[in-house]
Amino acid sequence: MPGSLPAICEATWPKDVGIIAMEVYVPSQYVDQAELEEYDGVGAGKYTVGLGQARMGFCSDREDINSLCLTVVQRLMERNSLSYDSVGRLEVGTETIIDKSKSTKTVLMQLFEESGNTDVEGVDTTNACYGGTAALFNAVNWVESSSWDGRYALVVAGDIAVYATGSARPTGGAGAVAMLVGPNAPLAFERGLRGTHMQHAYDFYKPDMVSEYPVVDGKLSIQCYLSALDRCYAVFKNKIHAQWQREGLERRCSLEDFGFMVFHSPYCKLVQKSLARLMLNDFLHHPSPNTESGPFSGLEAFRDVKIEDTYFDRDVEKAFMKASSELFENKTKASLLISNQNGNMYTPSVYGCLASVLAQHTPQQLAGQRVGVFSYGSGFAATLYSIRVTQDATPGSALDKLVSSLCDLQARLDSRKKVSPGVFAENMKLREETHHLANYIPQGSVDELSPGTWYLTRVDEKHRRQYARRSMNDDRPLEAGLVTSSIAAEHVPSPLKKMPRIPTTTAGPEVVVISNGDH
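Residues numbered from 1 in each chain as written. Predicted model: local features only at pLDDT ≥ 70, side-chain atom pairs only at ≥ 80, totals over all residues. Heavy atoms only, no water.

### Concerning helix α8 (residues 314-323)
Side chains that are three or four residues apart share a direction in an α-helix, a result of its 3.6 residues per turn. Let me state the cut-off plainly: The classification of residues rests on relative accessible area computed with a 1.4 Å probe and restricted to protein chains. Under 20% of the type maximum is buried, over 50% is exposed, and intermediate values are partly exposed. A helix here means a DSSP run of H or I that spans at least four residues, while a strand means a run of E at least two residues long, and both kinds are numbered starting from the N terminus. Working rule for contacts: check all heavy atoms of both residues, and any pair within 4.5 Å makes them a contact. Polar contact is the term for a pair of N or O atoms within 3.5 Å; when the atoms are in protein, one must be able to donate a hydrogen and the other to accept it, and sequence-neighboring residues count only if both atoms are side-chain atoms.
Within the sequence span of α8, burial applies to Val316, Ala319, Phe320 and Met321. Here the buried face of α8 lies against α7 (268-285) and α9 (325-331). With a side-chain oxygen positioned 3.0 Å from the backbone nitrogen of Asp315, the residue opening α8 is Asp313.

### Some words on the environment of Gly175
On the secondary structure map, Gly175 appears in strand β7 (residues 173-182). Assessed through its relative accessible area of 0%, Gly175 is described here as buried. With near-sequence residues (within four places) excluded, Gly175 lies in contact with Tyr25, Val26, Pro27, Leu68, Ala157, Gly158, Asp159, Met345 and Pro348.

### A word on the side chain of His264
Inspection of the secondary structure assignment puts His264 in the loop between β11 (260-263) and α7. Classification of His264 by relative accessible area gives buried; the value is 3%. A distance of 3.4 Å separates the side chain of His264 from the side chain of Ser349, its partner in a polar contact. Apart from the residues within four sequence positions on either side, His264 is in contact with Cys129, Tyr225, Val271, Asn344, Tyr346, Ser349, Val350, Phe374, Ser375 and Tyr376.

### Here's the deal with the nonpolar core
What counts, and what does not: Residues belong to one nonpolar core when they are buried, are Ala, Val, Leu, Ile, Met, Phe, Trp, Tyr or Cys, and are joined through side-chain atoms within 4.5 Å.
Counting 142 residues, the largest nonpolar core has Met22, Phe320 and Phe374 as the members making the most contacts within it. Other than its neighbours up to four places away in sequence, Met22 contacts Leu76, Val177, Ala178, Met179, Tyr351, Leu354, Ala355, Leu358, Leu402, Ser405 and Leu406. In this structure, Cys129, Ala161, Tyr163 and Phe204 belong to the second largest nonpolar core, which totals five residues.

### Things to note about the UniProt feature "active site" (unreviewed entry) in the protein chain
The following threshold applies: UniProt positions are given in the numbering used here, feature names are shortened, and annotations may be inferred rather than shown by experiment. Of the two site types, the cavity is a set of points on a 1 Å grid over the protein atoms alone where a 1.4 Å probe fits but cannot get out, and the pocket is an open set with protein on both sides within 12 Å along at least five of seven lines, each lined by residues with an atom within 4 Å of a point.
The positions that UniProt labels "active site" (unreviewed entry) are, in the present scheme, Glu95, Cys129 and His264. Lining residues of the largest pocket, restricted to the annotated ones just named, are Cys129 and His264. Structurally, Glu95 can be placed in the loop between β4 (87-93) and α4 (104-108). On the accessibility criterion, Glu95 (6% relative accessible area) is buried. If sequence neighbours within four positions are ignored, Glu95 has contacts with Thr126, Ala128, Cys129, Asp159, Phe204, Lys206, Tyr346 and Thr347.

### Details of the layout of surface pockets
The condition is simple: Grid points are joined across faces, edges and corners, and a volume is the space filled by probe spheres set on the points. Each residue is assigned to one of three groups, with Ala, Val, Leu, Ile, Met, Phe, Trp, Tyr, Cys and Pro labelled nonpolar, Asp, Glu, Lys and Arg labelled charged, and all others, Gly among them, labelled polar.
Counted as a void, the largest pocket has a volume near 1000 Å³. Breaking the lining of the largest pocket down by element, the ones donating at least two residues are α6 (218-246), α7 and α8. Class assignment of the residues belonging to the lining of the largest pocket gives a composition of 23 nonpolar, nine polar and eight charged. There is about 650 Å³ of room inside the second largest pocket. For the lining of the second largest pocket, a count of residues per class yields seven nonpolar, 11 polar and 10 charged.

### A word on the sheet that holds β11
Short version of the rule: When DSSP locates at least two bridges between a pair of strands, those strands are taken to pair. With axes taken as lines fitted to C-alpha atoms, and helix axes fitted only over the stretch in contact, angles between N-to-C directions fall between 0 and 180 degrees.
With mixed pairing, nine strands are arranged side by side in an open sheet as β5-β4-β6-β7-β1-β8-β13-β12-β11. Because the sheet does not close on itself, it has two edges, and the strands there are β5 (124-125) and β11. By the bridge criterion, two bridges tie strand β1 (residues 18-25) to strand β8 (residues 187-198) in an arrangement that is antiparallel. The partner of Gly18 across the bridge, within β8, is Ala188. Across the face of the sheet, helix α5 (residues 131-143) comes into contact with β1, β4, β5, β6 (152-161), β7, β8, β12 (370-377) and β13 (381-389) while running at roughly 160° to β4.

### Observations regarding the UniProt feature "binding site: CoA" (unreviewed entry) in the protein chain
Those residues carrying the UniProt feature "binding site: CoA" (unreviewed entry) are Ser221, Lys269 and Lys273 in this numbering. The greatest C-alpha distance among the annotated residues, which extend across 53 residues, is 14.5 Å, indicating that they converge on a single site. From the set just named, the residues that line the largest pocket comprise Ser221, Lys269 and Lys273. In this structure, Ser221 is in contact with Asp203, Tyr376 and Ser378, ignoring residues within four places of it in sequence. With respect to the helices and strands, the residue Lys273 is situated in helix α7.

### Regarding the sheet that holds strand β2 (residues 29-32)
Taken together, the three strands give an open sheet; going across it, the order is β3-β2-β14, and neighbouring strands pair in mixed fashion. Where the open sheet ends on each side, the last strands, each with one partner, are β3 (55-58) and β14 (417-419). Each adjacent strand pair in this sheet contributes to an overall mean axis angle of 40°, direction not counted. When β2 meets β14, the two strands line up parallel, connected through three bridges. If you follow Gln29 over to β14, its bridge partner there is Lys417. Together, β2, β3 and β14 form the strand contacts of helix α2 (residues 33-40), whose direction differs from that of β2 by roughly 60°.

### Concerning the pattern of salt bridges
Here is the rule: A side-chain nitrogen of Lys or Arg and a carboxyl oxygen of Asp or Glu constitute a salt bridge if their distance falls within 4 Å.
Using the criterion set out here, one finds 24 salt bridges in the structure. Its salt-bridge partner being Asp64, residue Arg465 comes within 2.7 Å of it at the nearest N-O pair. Of this pair, Arg465 sits in strand β16 (residues 465-469) while Asp64 sits in the loop between β3 and α3 (65-79), and the two are 401 residues apart along the sequence. Judged by relative accessible area, Arg465 falls into the buried class, the value being 8%. As a salt-bridge pair, Arg277 and Asp230 come within 2.8 Å of each other at their nearest N and O atoms. Highlighted residues: Arg277 in helix α7 and Asp230 in helix α6, separated in sequence by 47 residues. What makes Asp230 buried here is its relative accessible area of 7%. Each of the salt bridges in this network shares a partner with another, and the network as a whole consists of Glu23, Arg79, Asp408 and Arg412.

Laid out in structure tokens, this is it:
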């Protein structure tokens, strides 16, 4: 039976494996989408209303996938006072590939050098926007496996989403999310509840190894996304029904069983359509829906539609978006904060949505909720799974610490600098012309980067990349050289002595300059 496992297995697993801590990084500059509409000469509202986007973050040539991941990992470790020897697995999910052999994970290992910890499993995972989810599953599976040594797993999802000039460009963005995975987590993965669908399609792909730009079949990509959502939801419901039957429960799974629903967000309007799509699924699979009153009121005309014929049916879309509007307001709208304000981050997109939910609710509002998570990556791979939030929302609890660490998310987004569409276009042209050059010194201003941001200092003649970090204490970039913090981080006890826990004290930043080649 789907979802069935021997009781002896469940008894030996660590309890409540999931996300303990999160950190989000977005670039310090953005372009306003309304201004971009005017600059591009398109109709007012095409990007802001049609796509649901307000701002788009972007990177100059000073940032690449390695620097994004360096920044978000070090911030996570510092803000949670974690020692690097408490991490036993480090997974990176990204589709922003700058080397066909060397992983971003190996670049991140330079952050571990002072601790002496080289016993860290995991490498990069790639499949469009799904790589972060695959990396997260790898981490959760490791903690639940016989390979686990008692330490944390660390997952990083990061990407720079850029497009050639044209209709796809406003769906770009950039950023990274880091997640600490372990037992006794405030966000625990519900075991056995993953609905996955994978299929071959050329909806979005990057065959040109010297270009950051993808090849996109927009209409096919939407169809693939929505069909994957349908199938993942059906598999998920089959598995949760099987669990309920074993528990002696006779009930149907629907959107009402989720406190929140978050989705991979290429653009916000697609997410709103996706929630309506799940309501359509509930309606079509209900044996006798009430069309006189309640959520399905007035939908009787759509009772006999075939779901595979509705991907571009405007009547169905309009009717179910209207019918699901209250559910969207309550379960999904809050998740779109980062997506609306920063754009599509590819692999971190769905986890930026999860962070947005946490940032805008209190621990008491989140406690005990089931969060549905739909992750999609073109090509294509998709999974719908669920997370159960802990019931413990007391001050100082793991949930309280997690929510507190993200409560300034809106302030972080508001602190960025707005630049004109012309400056944005110049930065895109600069990236286009230089992102694969050797013996290159980046031209972007370091002064525009936020304190504590890692940035690219040069690419040598052998394509080896070197990085530096801006000081956390002032706005001046650091000079090259190794500088260690005068405040030692509190060390997590050895896994041989005690299960790792996040310390409560705050440590000062450790500052180093590193490269992805010789060091």
